[in-house]
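Descriptive analysis of the structure
The lines below spell out each chain.
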Amino acid sequence: MKTDDLTVNGVRIADESAPESNRTIELPSGATAEVRKGLGRDLMRAQRTAAGGDASAVVFALIAELARVDGRKVVYEDVLEMELADVLALQAEVVGENFERPPQRASQGLFDPDSQSES
């Protein structure tokens, strides 16, 4: 059975060990973290974990979905107990890697009300 064939509660599990999908960073505490690029299912699981809908809790849960610290998978509660500097570094990595703005298309020019002529 291939890794792509594995499912948990009907959600297909990707191969998280693929090196091209992981970025390695050194955390301020000296620990090493691997962060993989996220998928829609990761966000869905993070939103379920942070059932209250608090945006900060979703980001913490997303860190837990996407990061391994010193080779170990972390869970939401682990992120809550991490040193603040480590959490901020992981947050910047997760949000920066997964939520970069796409380049603006030429047809989506910014609306400038001052450029409109009055009739």
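Residues numbered from 1 in each chain as written. Predicted model: local features only at pLDDT ≥ 70, side-chain atom pairs only at ≥ 80, totals over all residues. Heavy atoms only, no water.

A word on the overall build of the protein chain. A count of helices and strands for the protein chain gives four helices and six strands. When its helices and strands are written in sequence order, the protein chain yields β-β-β-β-α-α-β-β-α-α. Taking all 119 residues of the protein chain together, 27% fall into the buried category. Contacts in the protein chain between residues at least 24 apart in sequence constitute 46% of all its contacts with a sequence separation of at least 6. Surface accessibility of the protein chain: about 8500 Å² in total, with carbon and sulfur atoms responsible for 51%. (Helix = DSSP H or I, 4+ residues; strand = E, 2+ residues; numbered from the N terminus. Buried < 20%, exposed > 50% of the residue type's maximum accessible area, 1.4 Å probe, protein only. Contact = heavy atoms within 4.5 Å. Areas by Shrake-Rupley, 256 points an atom, 1.4 Å probe, with all protein chains shown as cover.)

You will see that Asp-70, though not glycine, has its phi angle at about 50°, which is positive. Mapped onto the fold, Asp-70 is located in the loop between β5 (67–69) and β6 (72–73). Since its relative accessible area comes to 49%, Asp-70 is described here as partly exposed.

In total, this model carries four salt bridges according to the counting rule given. Among the ionic pairs, Arg-36 bridges to Asp-42, the shortest N-O distance being 2.7 Å. Accessibility assignment for this pair places Arg-36 and Asp-42 in one class, buried. Arg-45 is paired through a salt bridge with Asp-42; the nearest N and O atoms lie 3.1 Å apart. A residue pair is termed a helical-turn pair when its members lie 3 or 4 positions apart in one helix, as Arg-45 and Asp-42 do in helix α1 (residues 40–49) at three residues. (Salt bridge = Lys/Arg side-chain N within 4 Å of Asp/Glu carboxyl O.)

Moving on, we get to the pairing of strand β3 (residues 22–26). Inspection of the sheet shows β3 paired to strand β4 (residues 32–36) by five bridges, in the antiparallel sense. Residue Glu-26 lies in a different strand from β4, and its bridge partner there is Thr-32. Where β3 folds back on β4, the antiparallel hairpin that results is connected by five residues, among which Gly-30 adopts a positive phi of roughly 100°. (Pairing = 2+ DSSP bridges.)

Moving on to the pairing of β4. Of the pairings in the sheet, the one linking β4 to β5 comprises three bridges and is antiparallel in character. Bridged to Glu-34 within β5 is Arg-68.

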